[in-house]
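Notes for the structure review
Listed here are the chains, written in short residue letters.
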Amino acid sequence: AQSVTQLDSQVPVFEEAPVELRCNYSSSVSVYLFWYVQYPNQGLQLLLKYLSGSTLVKGINGFEAEFNKSQTSFHLRKPSVHISDTAEYFCAVTPYNTDKLIFGTGTRLQVFP
Amino acid sequence: DAGITQSPRHKVTETGTPVTLRCHQTENHRYMYWYRQDPGHGLRLIHYSYGVKDTDKGEVSDGYSVSRSKTEDFLLTLESATSSQTSVYFCAISEEGNSPYEQYFGPGTRLTVT
C-alpha cells in the first residue's frame, strides 16, 4: 500500500520570503510524484510532476520540487512567494502501472503582506 | 483548461433524500473519477470508470453508486444522504496513453446534508 504524508497542515510566510512545503511518501513499488494546487473555491490544478530523469523538476508559477529517493521525499519550494500563492497544496503519488492518485492531507500556504 | 463541468455547484439536502451529482466532460477522455475532499483527509477516491458501463469502487465507496451511460457523463448518486456525506466532491478525467494518466479536475460540488 502507498501513503503520502504532509506534516505541515499550515505554513504562514511573508511575501517575498522563500518557502518549502514538505512531502514524504511510503510505497513498496516505484511511484510517480505530483504536486497539485487548489486556489480558494476552485478545483485542483497540476503544479508539477516527477516521472523520471532529473530529480529537480520545475513547475508553473516559479515552483520547483526535488525528488529524493533515499529519503522518499518530494519537497516543494519557491524562492520568493507572492500573495497570489495563497492556496492549498497537495502532494500525490501514482504507483507505476496504475492510474490511481493517492493524496496527502494538504498544506495550506498563507502568504502575508 | 480541461473541459470539465460539475452540476450542481452547491447543494443543500436533508438526511435520507437521494442526491445525484453530474460530471460532464468535452475531452472524450476514457477515464473518469469521483473524489471527496474533507479537512484532514485530502482527496479520497469514491468510484472510477474506465469507459461506458465500466465502473469500479474506490477507497470510500460505501453509500455511493455511479453510472456512466455515455463517455462524457459520469453520475454520482447518494441513495440516501447522511450527514457524514457532507463534503466537497470533485470529478477528474484522464486519458490512457497520457502516461502516467495525468488527471484533470473539475471545479467541485459543495454538498451539505442537514
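Here the structure is a predicted model, which means the values were calculated and not measured.

So, on to the side chain of Gln37(B). Here Gln37(B) shows up in strand S4 (residues 31-38). The buried category is assigned to Gln37(B), whose relative accessible area is 13%. Contacts of Gln37(B), omitting those with residues within four sequence positions, involve Gln38(A), Phe90(A), Gly42(B), Leu43(B), Ser87(B), Val88(B) and Phe90(B).

In this section: the layout of surface pockets. Reported here for the largest pocket is a volume of approximately 560 Å³. Contributing to the lining of the largest pocket are 27 residues, with Gln38(A), Glu88(A), Arg108(A), Gln37(B) and Arg110(B) lying nearest its centre. Looking at the lining of the largest pocket, the elements that each hand over two or more residues are strand S10 (87-95) of chain A together with S4, strand S9 (87-94) and strand S11 (109-113) of chain B. A class-by-class count of the residues in the lining of the largest pocket yields eight nonpolar, 14 polar and five charged.

The subject of this paragraph is the side chain of Asp38(B). All names here are of chain B. Structurally, the position occupied by Asp38 is in strand S4. Here Asp38 falls in the buried class, since its relative accessible area comes to 11%. A distance of 2.8 Å separates the side chain of Asp38 from the side chain of Arg36, its partner in a polar contact. When sequence neighbours within four positions are dropped, the list of residues in contact with Asp38 reads Arg44, Thr86 and Ser87.

Quick look at the sheet that holds strand S8 (residues 73-78) of chain B now. Strand pairing in a sheet relies on backbone hydrogen bonds, with the paired strands running either antiparallel or parallel. Residues and elements named next belong to chain B. Strand order in the open sheet formed by four strands is S1-S3-S8-S7, and the pairing between neighbours is antiparallel. With one partner strand each, in any of the chains shown, strand S1 (4-7) and strand S7 (64-70) form the two edges of the open sheet. This sheet shows a mean twist of 20° between the axes of neighbouring strands, independent of strand direction. Of the strand pairs in this sheet, strand S3 (residues 19-25) and S8 are connected by six bridges, and their pairing is antiparallel. Bridging across to S8, Thr20 finds its partner in Thr77.

Before going further, it helps to examine unusual backbone geometry. Ser7(B) connects to Pro8(B) through a cis peptide bond whose omega is -10°. With respect to the secondary-structure elements, Pro8(B) resides in the loop between S1 and strand S2 (10-13). In this structure, Thr72(A) takes a positive phi of about 45° despite not being glycine. Checked against the element boundaries, Thr72(A) lands in the loop between strand S8 (64-68) and strand S9 (73-78). Relative accessible area serves as the criterion here: at 29%, Thr72(A) is assigned to the partly exposed category. Of note in the backbone geometry, Lys53(B) takes a positive phi value of approximately 60° without being a glycine. Along the polypeptide, Lys53(B) turns up in the loop between strand S5 (42-51) and strand S6 (54-57).

Our focus in this paragraph is the packing of aromatic side chains. Under the counting rule described, the total for this entry stands at 17 aromatic pairs over all chains. Centroid distance Tyr35(B) to Phe105(B): 5.6 Å. Interplanar angle 40°. Geometry classified as tilted. Here Tyr35(B), found in strand S4, pairs with Phe105(B), found in strand S10 (residues 104-105); they are 70 residues apart in sequence, far enough to count as distant. Both residues of the pair, Tyr35(B) and Phe105(B), belong to the buried class. The positively charged end of Lys100(A) is found above the aromatic ring belonging to Tyr48(B), 3.8 Å away from the centroid.

This part takes up the state of the cysteines. The final tally for this structure, using the stated rule, is two disulfides over all chains. Paired through a disulfide, Cys23(A) and Cys91(A) show a sulfur-sulfur distance of 2.0 Å. Looking down the S-S bond of the Cys23(A) and Cys91(A) bridge, the torsion is -65°, so its handedness is left-handed. Note that Cys23(A) is positioned in the loop between strand S3 (19-21) and strand S4 (24-26) and Cys91(A) in strand S10, a separation of 68 residues in sequence. Residue Cys23(A) is classed as buried on the basis of its relative accessible area of 0%. For Cys91(A), a relative accessible area of 0% translates into the label buried. Two residues, Cys23(B) and Cys91(B), share a disulfide whose sulfurs are 1.9 Å apart. In this structure the cystine formed by Cys23(B) and Cys91(B) twists about its S-S bond by roughly -70°; its chirality is therefore left-handed. One end of the pair, Cys23(B), is in strand S3; the other, Cys91(B), is in strand S9, with 68 residues separating them in the sequence. By relative accessible area, Cys23(B) is classed as buried at 0%.

The rules behind these values
- Residues numbered from 1 in each chain as written.
- Chains lettered and ligands numbered in written order.
- Predicted model: local features only at pLDDT ≥ 70, side-chain atom pairs only at ≥ 80, totals over all residues.
- Heavy atoms only, no water.
- Helix = DSSP H or I, 4+ residues; strand = E, 2+ residues; numbered from the N terminus.
- Buried < 20%, exposed > 50% of the residue type's maximum accessible area, 1.4 Å probe, protein only.
- Contact = heavy atoms within 4.5 Å.
- 1 Å grid on protein atoms, 1.4 Å probe; cavity = no way out; pocket = protein on both sides within 12 Å on 5 of 7 lines; lining within 4 Å.
- Points joined across faces, edges and corners; volume = space filled by probe spheres on them.
- Nonpolar A, V, L, I, M, F, W, Y, C, P; charged D, E, K, R; others polar.
- Polar contact = N/O pair within 3.5 Å; in protein donor to acceptor, adjacent residues only side chain to side chain.
- Pairing = 2+ DSSP bridges.
- Axes fitted to C-alpha atoms, helices over the stretch in contact; angles between N-to-C directions.
- Phe/Tyr/Trp six-rings, centres within 6.5 Å; stacked < 30°, edge-to-face > 60°.
- Lys NZ or Arg CZ within 6 Å of the ring centre and 35° of its normal.
- Disulfide = S-S within 2.5 Å.

Scope: geometric values only; no functional claims are made or implied.
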